[in-house]
Every structure is written in C-alpha cells, then in structure tokens.
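The residues making up each chain are set out below.
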Amino acid sequence: MSETPQSATTSSTSPSSTSPSSMSPSSAAPFVQRHIGPRSDAQAKMLAAIGIDSLGSLLDVAIPESIRMRRALNLAPAMSEADALRALAAIAKQNTVMTSLIGQGYYGTITPEVIRRNVFENPAWYTAYTPYQPEISQGRLELLLRFQTMVCELTGMDVAGASLLDDATAAAEAMTLALRVTKTKSHRFVVDSQLHPQVIDVVKTRAVPLGIDVEVTTLTAESIQGSFGVLVAHAATTGALSAHDEVVAAAKSAGIFVCAHTDLLACMLLEGPGSWGADAVVGSAQRFGVPMFAGGPHAGFLAVTDAHKRALPGRLVGVSVDTAGRRAYRLTLQTREQHIRREKATSNICTAQVLLAVGSALYACWHGQDGLFAIAQRVHQYTSDIVSALSAAGVEVNNTTWFDTAAAVLPSIDAADAVMSKAAAQGINLRRVDSTSVGFSCDETTTTETVREVIAAFGLTPPVALPFSSSSGIPPTMLRSEPALRHEVFHRDMSETDMLRELRRLSDRDLALDRTMIPLGSCTMKLNATTEMVPVTWPEFANMHPFAPAEQLAGTAELVAQLEAMLVEITGYDRVSLQPNAGSQGEFAGLLAIRGYHLSRGDDQRTVCLIPTSAHGTNAASAVMAGMSVVTVRCDDAGNVDVDDLEAKISTHSIQLAALMVTYPSTHGVFEERIVEICDMVHAAGGQVYLDGANFNALVGTAQPGKFGADVSHLNLHKTFCIPHGGGGPGVGPVCVRHHLAPFLPSHAERPGLVNGGDDGGHGVGPVSAAPWGSAGILTIPWAYISMMGAEGLLAATSVAILNANYVATRLGASYPVLYTGHGGRVAHECILDIRPITAATGITVDDVAKRLIDYGFHAPTMSFPVAGTLMVEPTESESLHELDRFCDAMIAIRHEIDRVASGEWPKDDNPLVHAPHTADDVMMDEWTHPYSRKEAASPTGRSMADKFWPPVSRIDGAFGDRNVVCSCPPMEDYA
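Structural notes, computed from the coordinates. Along each chain, residue indices are assigned from 1 in the same order as the chain's sequence is written. Where local features are concerned, this predicted model is filtered to residues with pLDDT of at least 70; where side-chain atom pairs are given and counted, the filter is 80 or more; whole-chain, interface and lining totals use all residues. To obtain the side-chain values, all non-hydrogen atoms of the structure were included, while hydrogens and water were left out.

## A closer look at the overall build of the chain
Now for step 1: Along its length, the chain carries 30 helices and 25 strands.
Now for step 2: Values of the radius of gyration come from C-alpha atoms, whereas the globule rule sets the reference at 2.2 Å times the count of residues to the power 0.38. Over its C-alpha trace the chain gives a radius of gyration of 28 Å, about what one expects of a compact globule, namely 30 Å for 976 residues.
Now for step 3: Across its three principal directions, the C-alpha atoms of the chain cover 85 × 70 × 65 Å.
Now for step 4: When accessible area is computed with a 1.4 Å probe and restricted to protein chains, residues below 20% of their type maximum are described as buried, those above 50% as exposed, and intermediate ones as partly exposed. Looking at the chain as a whole, 65% of its 976 residues qualify as buried.
Now for step 5: The contact criterion used is simple: two residues touch if any of their non-hydrogen atoms lie within 4.5 Å. Restricting the contact set of the chain to residue pairs at least 6 apart, pairs at least 24 apart contribute 77%. Each helix corresponds to a stretch of at least 4 residues labelled H or I by DSSP, and each strand to a stretch of at least 2 residues labelled E; elements are numbered beginning at the N terminus.

## Side note on the sheet that holds strand 23 (residues 831-834)
Neighbouring strands of a sheet are bound in pairs by backbone hydrogen bonds; such pairs are parallel or else antiparallel.
Now for step 1: The 3 strands are arranged 23-25-24 in an open sheet whose pairing can be described as antiparallel. With one partner strand each, in any of the chains shown, strand 23 and strand 24 (862-863) form the two edges of the open sheet.
Now for step 2: Note that strand 24 and strand 25 (residues 870-873) share 2 bridges and pair antiparallel. Residue pairing across strands places M863 opposite L871, the latter belonging to strand 25. Pairing between strands is defined by DSSP: at least two bridges between the two strands are required.

## Looking at the pairing of strand 17 (residues 608-612)
Now for step 1: Burial of strand 17 is extensive: 5 of the 5 residues sit out of reach of the surface.
Now for step 2: Of the two faces of strand 17, the one carrying V608, L610 and P612 and the one carrying C609 and I611 are both buried.
Now for step 3: Sheet analysis places strand 17 next to strand 18 (residues 629-633), joined by 5 bridges and oriented parallel. Across the sheet, the residue bridging to P612 is V633, located in strand 18.
Now for step 4: The handedness rule is simple: strands pointing away from the viewer, and a clockwise path from the first strand over the helix to the second, make the crossover right-handed. As for the winding sense of the linkage, the β-α-β connection from strand 17 through helix 20 (residues 617-625) to strand 18 is right-handed.
Now for step 5: Looking at chain direction, strand 17 and strand 19 (residues 657-663) are connected through 3 bridges and run parallel. Looking across to strand 19, one finds that C609 is bridged to A659.

## Concerning the pattern of salt bridges
Now for step 1: Criterion for a salt bridge: a side-chain nitrogen of Lys or Arg within 4 Å of a carboxyl oxygen of Asp or Glu. In the structure shown here, the tally under the stated rule is 44 salt bridges.
Now for step 2: Measuring nitrogen to oxygen at the nearest pair gives 3.1 Å for the salt bridge that ties R504 to D508.
Now for step 3: Exposure remark for R504: the relative accessible area of 55% places this residue in the exposed category.
Now for step 4: Note that D848 and R955 form a salt bridge whose closest N and O atoms lie 2.8 Å from each other. Remark: R955 occurs in the loop between helix 29 (934-938) and helix 30 (958-963) and D848 occurs in helix 26 (residues 846-855); sequence separation between them is 107 residues.
Now for step 5: Sharing partners across several salt bridges, the network here consists of E142, R146, R492, E502 and R505.

## A closer look at the sheet that holds strand 11 (residues 396-397)
Now for step 1: As summarised here, the arrangement of the 4 strands in space is 11-12-15-14, forming an open sheet in which the pairing is antiparallel. Strands at the two margins of the open sheet, each flanked by one partner only, are strand 11 and strand 14 (431-432).
Now for step 2: When strand 14 meets strand 15 (residues 437-441), the two strands line up antiparallel, connected through 2 bridges. The residue of strand 15 that forms the bridge with R432 is V438.
Now for step 3: Fitting a line to C-alpha atoms yields each axis, with helices limited to the stretch in contact; the angle taken between N-to-C directions then spans 0 to 180 degrees. Where helix 12 (residues 354-392) meets the sheet, its contacts fall on strand 11, strand 12 (405-409) and strand 15, and the angle it forms with strand 15 comes to roughly 150 degrees.

## Looking at helix 19 (residues 583-600)
Now for step 1: Take the residue count of a helix, subtract one, and multiply by 1.5 Å to get its expected span. With 18 residues, helix 19 should reach 26 Å at 1.5 Å per residue; the first-to-last C-alpha distance of 26 Å fits that figure.
Now for step 2: For helix 19, a buried count of 15 out of 18 residues is recorded, marking the element as mostly surrounded by other parts of the structure.
Now for step 3: Directly after helix 19, the chain includes G602, whose backbone phi takes a positive value near 80 degrees.

## Some words on the environment of W950
Now for step 1: Considering the arrangement of structural elements, one finds W950 in the loop between helix 29 and helix 30.
Now for step 2: Given a relative accessible area of 28%, W950 falls into the partly exposed group.
Now for step 3: With 723 residues separating them along the chain, W950 and S227 place their C-alpha atoms 54 Å apart.
Now for step 4: Setting aside residues no more than four positions away along its own chain, W950 makes contact with H918, T919, A920, V923, A938 and M945.

## Points about the packing of helix 7 (residues 138-155) against helix 12
Now for step 1: Put simply, helix 7 and helix 12 touch, their axes get as near as 8 Å, and they point 65 degrees apart. Viewed along their axes, helix 7 and helix 12 adopt a mutual orientation that is roughly perpendicular. In terms of crossing hand, the pair formed by helix 7 and helix 12 is left-handed. Residue-level inspection shows R140, L143, L144, R146, F147 and M150 of helix 7 in contact with helix 12, the latter providing V354, A357, V358, S360, A361, L362, A364 and C365.
Now for step 2: Basically, the charged four are Asp, Glu, Lys and Arg, the nonpolar ten are Ala, Val, Leu, Ile, Met, Phe, Trp, Tyr, Cys and Pro, and anything else, Gly included, counts as polar. Here the residues of the contact of helix 7 with helix 12 are counted per class, giving 11 nonpolar, 1 polar and 2 charged. When an angle is under 35 degrees it counts as roughly parallel; over 145 it counts as roughly antiparallel; between 65 and 115 it counts as roughly perpendicular; any other value is oblique. Handedness of a helix crossing follows the sense of rotation of the near helix relative to the far helix, less than a right angle counterclockwise being left-handed and clockwise being right-handed.

## Remarks on the nonpolar core
Now for step 1: By nonpolar core is meant a set of buried Ala, Val, Leu, Ile, Met, Phe, Trp, Tyr and Cys residues that side-chain atoms within 4.5 Å join together. Ranked by internal contacts, the top residues of the largest apolar core, which has 291 residues, are M150, L430, F458, L717, F721, I786 and F887.
Now for step 2: Per element, the largest residue contribution to this core is 20 residues, and it comes from helix 12.
Now for step 3: In contact with M150, other than residues within four places in its own chain, are L264, F288, S360, A361, A364, L485 and F490.
Now for step 4: Among the nonpolar cores identified, the runner-up in size contains 28 residues, and M625, A626, V712 and F744 belong to it.

## So, the packing of aromatic side chains
Now for step 1: Any Phe, Tyr or Trp ring, taking Trp's six-membered ring, that has another such ring centre within 6.5 Å forms a pair; planes under 30 degrees apart are called stacked, those over 60 apart edge-to-face, and the others tilted. Here the structure, examined in full by the defined rule, presents 12 aromatic pairs.
Now for step 2: Each ring, one from W538 and one from F541, has its centre 6.3 Å from the other, and the planes form 10 degrees; the classification is stacked. Pair check on accessibility: W538 and F541 agree, each one buried.
Now for step 3: With a centroid separation of 6.5 Å and 75 degrees between ring planes, the pair formed by Y597 and F744 is classed as edge-to-face. Taken together, the positions of Y597 in helix 19 and F744 in the loop between strand 22 (735-737) and helix 24 (780-812) put the pair 147 residues apart, joining distant regions of the chain.
Now for step 4: An aromatic cluster is present here, built from Y664, F671 and F708 joined pairwise through their rings.
Now for step 5: Any Lys NZ or Arg CZ found within 6 Å of a ring centre and within 35 degrees of that ring's normal is scored as a charge over the ring. The ring centre of F588 lies 5.4 Å from the NZ or CZ of R206, which sits over that ring.

## Concerning the side chain of R287
Now for step 1: You can see R287 is positioned in the loop between strand 7 (280-284) and strand 8 (300-304).
Now for step 2: Beyond its immediate sequence surroundings of up to four residues, R287 is in contact with Y107, T109, D263, L265, Y363, V379, F403, D404, C442, D443 and E444.

## As for helix 7
Now for step 1: In this model helix 7 runs 26 Å from its N-terminal to its C-terminal C-alpha over 18 residues, within 8% of the 26 Å that 1.5 Å per residue would give.
Now for step 2: Positioned one or two residues after helix 7, G156 has a phi angle of 80 degrees, which is positive.

## Side note on unusual backbone geometry
Now for step 1: G729 connects to P730 through a cis peptide bond whose omega is 25 degrees.
Now for step 2: With respect to the helices and strands, the residue P730 is situated in the loop between strand 21 (712-714) and strand 22.
Now for step 3: Phi at S864 is positive, roughly 55 degrees, even though this residue is not glycine.
Now for step 4: Along the chain, the position of S864 falls in the loop between strand 24 and strand 25.

## Re the environment of H725
Now for step 1: Take H725: it is sitting in the loop between strand 21 and strand 22.
Now for step 2: Along the sequence, H725 and R480 sit 245 residues apart, while their C-alpha atoms lie 37 Å from each other.
Now for step 3: Here H725 is in contact with Y126, A128, Y129, C523, T524, M525, H718, K719 and P730, once residues within four sequence places are set aside.
Now for step 4: At 3.3 Å, the side chain of H725 forms a polar contact with the backbone oxygen of H718. Two N or O atoms count as a polar contact when they lie within 3.5 Å, although within protein this holds only if one can serve as hydrogen donor and the other as acceptor, and sequence-adjacent residues are included solely when both atoms are side-chain atoms.

## Structural notes on the packing of helix 26 against helix 27 (residues 881-902)
Now for step 1: For the pair helix 26 and helix 27, interaxial distance at closest approach is 10 Å and the crossing angle is 125 degrees. On the basis of their axis angle, the class for helix 26 and helix 27 is oblique. As for how helix 26 packs across helix 27, the hand of that crossing is right-handed. On helix 27, the residues touching V849, R852 and L853 of helix 26 are F887, A890, M891, I894, E897 and I898.
Now for step 2: Of the residues in the contact of helix 26 with helix 27, the class split is 7 nonpolar, no polar and 2 charged.

All we've got here are geometric facts, nothing functional implied.
Next up, the structure:
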C-alpha cells in the first residue's frame with residue numbers, strides 16, 4: 001500500500017496556509033489561565049487548607065532565602081496563543097524547504113496522514129508516560145513489540161530494543177556493549193571510515209572518557225586485529241554496499257565483536273547484517289514515516305544476537321502473562337536498571353524514542369511488506385537511473401554498488417560548484433562529499449521529475465523515458481533470499497477504516513494525560529498545550545535536513561538562538577547547548593564539560609564525582625560514562641545531604657574531586673537549606689557543582705542555579721517546559737553552563753562555531769547527538785510555552801506547582817506519612833508518601849496501592865524511588881482542585897480498604913488491593929468467590945460505570961516474563 005511519490009509534507013496546516021486573519025487576536029482568557037489548573041478561588045481554598053495566606057507566603061516558607069530570586073525574569077511579555085503561532089510562522093518562513101538529497105542518515109519520507117493526525121498529533125499517544133505501569137500501557141507496548149519485530153526481521157537479528165535516541169548514540173552504546181561482553185584486555189575499537197561522519201564523531205566522544213582507543217580506518221582482515229570490536233558500514237556514507245565477508249570472518253576467528261550500521265529500507269532488498277554474522281546492528285528508523293525534523297527526534301535502534309540480550313542497554317519490551325493467564329506486554333530484563341545498579345549500570349539511557357518508534361512501526365504496518373518492498377525498489381531504480389545517465393555521459397561515478405546513494409567525481413572544484421548551484425536553482429540539495437565529489441541520495445519522496453532535475457544539474461540532457469536503467473547496484477550475493485517482514489502484522493491489507501479502528505483499539509488500552517492526572521513524582525506530567533504542539537508538523541520545521549546549507553536553516557537557527565536566550569535568563573547560566581536529545585545525554589554532556597575544564601587546567605587527577613544517595617540513578621551512570629569514579633554521600637534523616645559526611649568526603653578526595661552532582665530541589669522533594677554552603681564547599685576544594693535540573697519545575701522564576709552556586713545543569717524540556725513524554729520519548733535535555741565551562745559544550749563538525757562555546761584549548765568534546773541541534777523538530781514546544789506564559793505566568797506556574805504538592809501532602813498526611821519535609825514542614829513540588837509502615841502492619845505493598853489506583857482510574861505515582869516502599873507524588877500546576885481532590889479521595893479510600901485488611905475483615909491474601917487491577921472479564925466471571933463485591937472491585941468510588949477506564953489485563957507476572965523472554969510479536973491468532 002505504498003503511496004504515490006509526492007513532495008514530502010507532514011501537515012496540511014503550515015505557516016504559509018495560516019493567514020493573519022485566521023489567527024486574529026482573541027478575547028479568550030490568557031494562556032496562563034488555560035495552563036494552570038486551579039483558578040483563584042480554588043487557590044484560596046487550597047491555601048486555607050494548608051494554613052498559608054498567599055502564594056507569596058508559601059514561596060517564602062518553602063524556598064530558602066539564600067537562593068531566592070526577588071526580581072522578575074527578563075522575558076518578553078506573554079503572547080496570546082494566536083500571536084505565538086504568528087511569531088512562529090514568521091520564524092518558520094525564514095527556513096527554505098528544499099528537496100534534500102543529501103542523505104547521510106536523513107531522508108525525505110511521507111508520513112501517512114492517518115498516522116500523522118491520529119498518532120503524532122493525538123494526545124492519547126503523545127501525553128502518555130513511560131510504560132512502568134504496564135497494565136495501563138498495553139497499547140504502546142504492543143506497538144513497541146512490533147517495532148522490535150520489524151527491526152529484527154529486517155536486520156536478521158534475534159532481539160531488538162524498544163528504540164534508542166538516534167543511530168549515532170546507538171552505535172556508541174553498541175561499542176560499550178561490545179567492550180562488556182568480550183571481556184578482553186584490549187581497549188581498541190576499529191571503526192569503518194565509510195560510516196556517516198556524525199556517527200563516527202559521537203562514537204569518539206563516548207570512547208574518550210572510557211579510555212577506548214577508536215581507530216577510524218579502511219577495514220581489512222589485518223586492520224581489525226588486536227581490537228575488541230569493529231563497527232562496519234553496511235551501506236557506506238557515499239553509497240557503496242558491502243557485507244564485509246573477509247573482515248567478519250577474520251573477526252569471528254579472533255573473537256572480535258562485530259557491529260554493523262545499516263539502513264532499514266535497504267534491508268527490504270538486502271540481506272540483513274545478521275545473515276553475515278553481525279553480533280549487533282544499529283541504525284535509524286527515521287525514513288519509516290518520521291520527518292527529518294532538522295535532525296530529530298527519531299527512533300534509533302540496537303539489535304543483538306540472543307546471546308547478548310541481557311546486556312542490551314535501554315528499553316526492551318517482552319511478553320508475559322497476567323494473573324488470569326492472559327498474554328500481556330511489559331518492559332523486561334533491564335527495566336530502569338540504571339536506577340538500581342547506579343554506578344554499575346551499563347548505560348545511563350532511561351527512556352526510548354517511543355512516539356517515533358510507534359510511528360515507524362505503524363508505517364510498516366500501513367504499507368505492509370509489499371508496499372515497503374515497492375518503495376525500496378522505486379528508490380533503488382531512481383538511483384540506478386541517475387547513475388546510469390551519468391556514467392553513459394562519461395561522468396565518473398565512484399560507486400560500483402549502491403542502494404539509494406552514489407557520488408560523482410567532477411573534473412574540478414568549479415565544476416562541482418556548478419553542479420551544486422544548478423541543483424539548488426531547481427530546489428534540490430545535493431551533498432558536497434569533498435572538493436570535487438557530489439553525492440545524491442534518493443528516497444521515498446523522489447519522483448521522476450526529481451531524477452530528471454538531478455541529471456540536468458550535471459549538465460546532461462535527461463533521458464526521454466524513465467525508468468532509464470535496467471542495471472542494479474546491488475550485487476546478487478547481497479540480495480535477500482527470502483522476503484523481509486514475514487510476520488502477519490505486516491501482511492494485513494489495511495483500509496484507512498481498519499487503521500483508524502486499530503489505533504483506537506490500541507489507545508484505549510493506555511491511560512494517558514488526556515484521561516486523568518498522572519501524579520508521577522520527579523517526572524512532571526503536565527499539560528502539553530495544543531497550541532504548543534501545532535507547529536511541530538509544519539513542513540517549514542519538519543521537512544528540514546539537518547545538514548542543509550546554513551542559510552536554508554535560518555529559521556531553525558533563529559528558533560534555537562531565541563530559546564537558548566530564554567533558558568539562559570531562566571536558569572541564570574551564561575550559555576546553553578540544545579544538542580543533548582534526552583536528559584541522560586544532558587547529564588553526560590555536562591559532566592564532559594567539567595572533565596574538559598579540569599583537563600584544560602592540567603588537573604588530570606580530578607576524577608572523583610560525589611553523589612548523594614538521594615540522586616537520580618542516571619547521575620551515577622553518567623559519571624562513570626564520563627570517566628569518573630563515584631563516591632556516595634549520605635543523606636540525613638530529613639532527606640537532606642549530610643553536610644558533615646560531605647565535608648569528610650571532600651577532605652578525603654580534595655585533590656581528586658571533579659564534581660558534586662546534586663538534584664535541587666532534592667529527589668526527596670525538599671528545598672535543602674544549605675545548598676549555597678554545599679556549593680561553596682565543593683568550589684573551595686577545586687571541584688565543580690553539577691545541579692541536576694530534573695526538578696526545575698519548582699525553580700522557574702523563583703531561583704537561578706547559575707546564580708546561587710551551580711556551574712552546570714541539564715534541564716528536562718520534556719518535563720518543565722512541556723515537551724510531551726510521548727509514552728517514553730522524545731525528550732530534550734539541554735545543558736546550561738557558566739562562562740568558564742562554555743568552551744566545553746558539545747560541538748558538531750557539520751556546524752562548527754554554531755553549537756559549541758568556542759576555543760577549548762584542545763580539551764573540548766565532540767557531539768553527543770547525531771544532529772547539531774539534537775531534536776530540533778520539537779523545540780517549538782518550549783519556545784511557545786515560555787512565550788505564552790511570560791515571566792509572570794512562569795512564576796505563577798511554579799507557585800501553583802508547589803501549592804498543589806503541599807495541598808496533596810496536607811490532605812494525605814493523615815493517611816500516609818509524608819516522608820520528608822523542608823523548612824516550615826513544607827515540601828517542594830512533590831512529596832513522598834511512606835507505605836512501609838502499612839506493609840509491615842498489613843502486608844499491603846506499594847505495588848498493591850499502585851495497582852489499586854488503576855481501578856480508581858488513575859496512573860500510579862512513582863513507585864519505590866528514590867526510597868523503596870514509597871510513592872512519590874507530583875501533581876504539577878496543570879491539575880485543577882477537582883482532579884486533585886479526586887486523586888486524594890481515591891488514596892484515602894484505598895487507605896480505608898487497607899484498614900479493612902488490617903482489621904481482618906478482608907484476608908491478607910484475598911482483598912481488592914492484592915488482586916488489583918480488575919478487568920471487565922474478571923468481574924464478569926460466572927463464579928465470584930472473593931469476600932468483596934464485584935462493585936467494590938470495579939467501581940470502588942460508587943461512580944457510574946459509564947465513564948470507567950477498564951484495564952485490558954490484570955496484574956502482570958514480571959518474573960514469568962524474565963524467565964521466558966519473548967521480545968517479538970506473537971502469532972496473529974493471539975491478537976484475535
């Protein structure tokens with residue numbers, strides 16, 4: 001069911017189709033009133049309930065005066081929603097949308113409208129959280145399983161993860177995986193010089209602090225000897241194809257790990273690297289229906305042989321069963337392992353590109369095997385036409401093999417310039433490979449007219465009829481012997497009606513923010529306003545190649561510059577890099593900046609990173625990835641950093657001290673009073689302070705880390721600044737630094753001087769993401785949020801976030817002890833409810849409370865983090881008093897149910913908590929033997945069943961899934 005090639009477009013609404021009259025000023029309420037849940041009367045009731053007379057007084061009590069910012073943020077006045085769209089339209093028009101045949105890992109694709117509108121632009125999909133509660137995440141888990149199946153079938157591997165951040169970081173993860181599993185003394189890793197340059201550069205960035213010696217060379221059986229691993233290009237950056245027979249054979253005989261970088265569309269025609277012995281395969285699913293987005297977000301992938309599945313970083317979806325024996329999906333094996341293993345974690349990746357992986361999997365289901373095969377054939381045919389026309393005219397073509405890419409060698413620099421100019425005049429970007437070579441990459445959007453214009457750009461007369469060539473660039477030995485994508489999900493001839501119903505079926509199996517609040521502590525699940533989302537799919541932003549000429553990306557560059565300036569003002573730092581495409585990558589980039597700074601001063605010995613026990617698990621993993629050793633610092637009984645222990649650790653490691661990583665407000669949900677003193681202690685010993693910005697939702701407009709003592713922070717734009725979680729990705733994790741660290745921000749060879757801090761004296765870092773601006777395609781969202789909120793609105797949002805958290809803590813404190821409070825008995829923007837005394841008295845666990853909340857129609861708070869046996873609640877500023885009360889009423893009702901267990905009315909092993917959640921099938925069974933009623937099971941609030949959310953499965957058996965690892969789609973009859 002392939003679509004007719006056309007100019008790539010991802011939305012029918014774009015700046016050029018949005019006239020000023022259609023965005024005329026409205027008399028509607030200011031955006032801040034739409035974003036913040038509680039109105040003024042509700043805020044008054046909540047303030048009275050917690051015993052505070054005003055929001056200002058609450059901030060005075062909760063936030064230490066030593067860090068308090070008493071001036072307003074210097075931001076432009078708040079825009080209306082219409083004005084924000086108009087301003088973004090003006091920025092978008094600065095971009096020049098061309099037909100980009102640059103390739104290099106980014107390709108034009110046609111997003112099926114049914115997927116664009118009903119997935120990428122549908123809050124049922126983009127407001128969901130990472131599927132840590134699998135019983136209410138079955139829809140996206142099923143599609144992630146299809147993504148894994150798709151990758152496995154195309155690459156010829158046994159197990160694929162649920163996606164990684166991009167292909168370059170996936171390659172870096174494969175390198176470190178290889179080092180772990182080979183258990184060799186060698187630290188030499190050989191990289192094919194024919195890989196995309198940005199992939200090579202990210203691998204180098206990751207290798208340096210780990211002491212891995214990356215050698216980029218032409219691969220031969222001899223050149224790989226003595227290494228622990230090799231990274232080969234299935235399709236070279238200039239198009240040549242190779243199965244690397246001799247290299248792989250030599251690697252296998254020497255016990256060298258083989259990783260291959262491949263292209264999924266090419267694998268429709270080519271044998272996947274698994275067939276010729278690869279141990280791991282990496283790449284990107286971008287060209288499966290996801291726009292180029294000026295570099296991201298896209299779903300990278302990493303697939304491995306069965307022997308290495310337990311070493312796979314990131315997320316892996318597996319098949320298990322629920323208590324009734326029903327098939328159910330869950331994250332398996334290494335779920336959140338970086339939070340458990342901390343500095344022993346194998347990676348700091350704690351999420352995936354779920355929304356993009358879902359879109360790519362659906363693209364494969366929509367087109368099916370036949371449609372994808374037709375697209376791949378057409379792409380190859382068009383490439384062959386151009387190659388044949390050039391060769392017939394005597395133009396030297398570098399390639400003897402190709403799938404979608406080739407490069408021509410011109411007689412001079414001037415001749416190459418002329419070809420580039422002629423193509424640009426026709427609206428086509430070609431790739432300048434070197435001074436005299438010009439490359440081109442065909443894709444799904446290529447048409448016969450595109451082919452003619454490319455041939456004409458070389459000064460040739462296009463053939464009268466196309467297809468022109470009968471030749472193939474694929475060696476017969478590399479062609480697939482059997483079709484790819486044999487699973488039934490890729491063989492259904494789907495009408496749009498079928499697809500719509502499929503999407504509705506799947507989304508109904510999830511609980512997202514469009515149904516109910518998601519009170520996850522530390523994860524800030526708040527409103528992702530529709531106006532913020534609208535520009536993402538405008539072609540002027542979506543259809544930009546990240547390596548297009550800089551002048552064509554003027555609008556994106558302007559957007560980046562404005563957003564960076566906003567974040568500089570909000571954080572109090574001096575420079576910002578938007579390149580990190582997840583919070584984990586922001587952490588890594590920030591620590592690399594600290595590392596580079598110390599090295600530039602000759603302080604090679606500064607490798608110790610102090611991390612409090614309350615820290616996010618990714619902190620320790622990131623520190624190890626940055627070449628540091630972790631020393632933990634205790635927390636006191638109030639949840640604060642134990643300053644005495646910190647002082648002792650600083651004294652012990654003063655010469656080696658590189659950094660302190662501290663989350664503020666703390667992961668325990670409090671504003672620590674002594675944070676300035678803590679920063680001063682670290683600085684006095686010559687260290688740097690890394691302040692984790694995961695909880696920045698409690699600081700915006702009230703305090704600036706760059707001013708009260710921190711040297712560097714990362715922010716989670718997918719938390720504080722409203723980029724949706726997308727079911728577990730995408731995210732953006734910009735790194736913010738003070739002046740002295742600016743030279744050590746991430747760089748990028750494709751945009752020198754644009755994305756780094758300047759001269760670093762040779763101690764800086766390379767890129768941490770494949771694209772210069774990371775996930776540039778979603779930066780319109782935080783820009784719109786900040787612009788529509790303005791300084792007053794942002795302060796109001798922070799104030800109400802803290803109010804909402806304290807209101808929840810006050811209402812629930814009598815039922816569940818609040819573990820930690822700060823000054824005046826107040827919490828920050830989240831609170832930790834201690835379930836451990838309940839468990840000790842009744843046997844009811846934190847899991848039981850979390851699963852019972854599903855019966856009440858809620859997603860659970862964060863479980864057992866940062867303290868085992870607790871629930872961490874963050875209501876955010878977006879939730880209204882009505883929703884907060886509904887949640888609190890549910891938690892109090894659950895406490896009453898626990899009391900019935902404690903009194904003996906309900907047995908400890910047979911009560912609605914231990915059997916939660918209850919499916920419709922459960923309560924409709926013929927025989928009901930439980931001591932509680934069906935109504936108590938399914939409708940504990942007594943509300944009408946008409947609006948009830950029914951979980952699709954009951955509690956999932958995680959241990960069964962880990963013992964019986966199945967990570968690809970089950971047979972189709974199981975979907976019936």
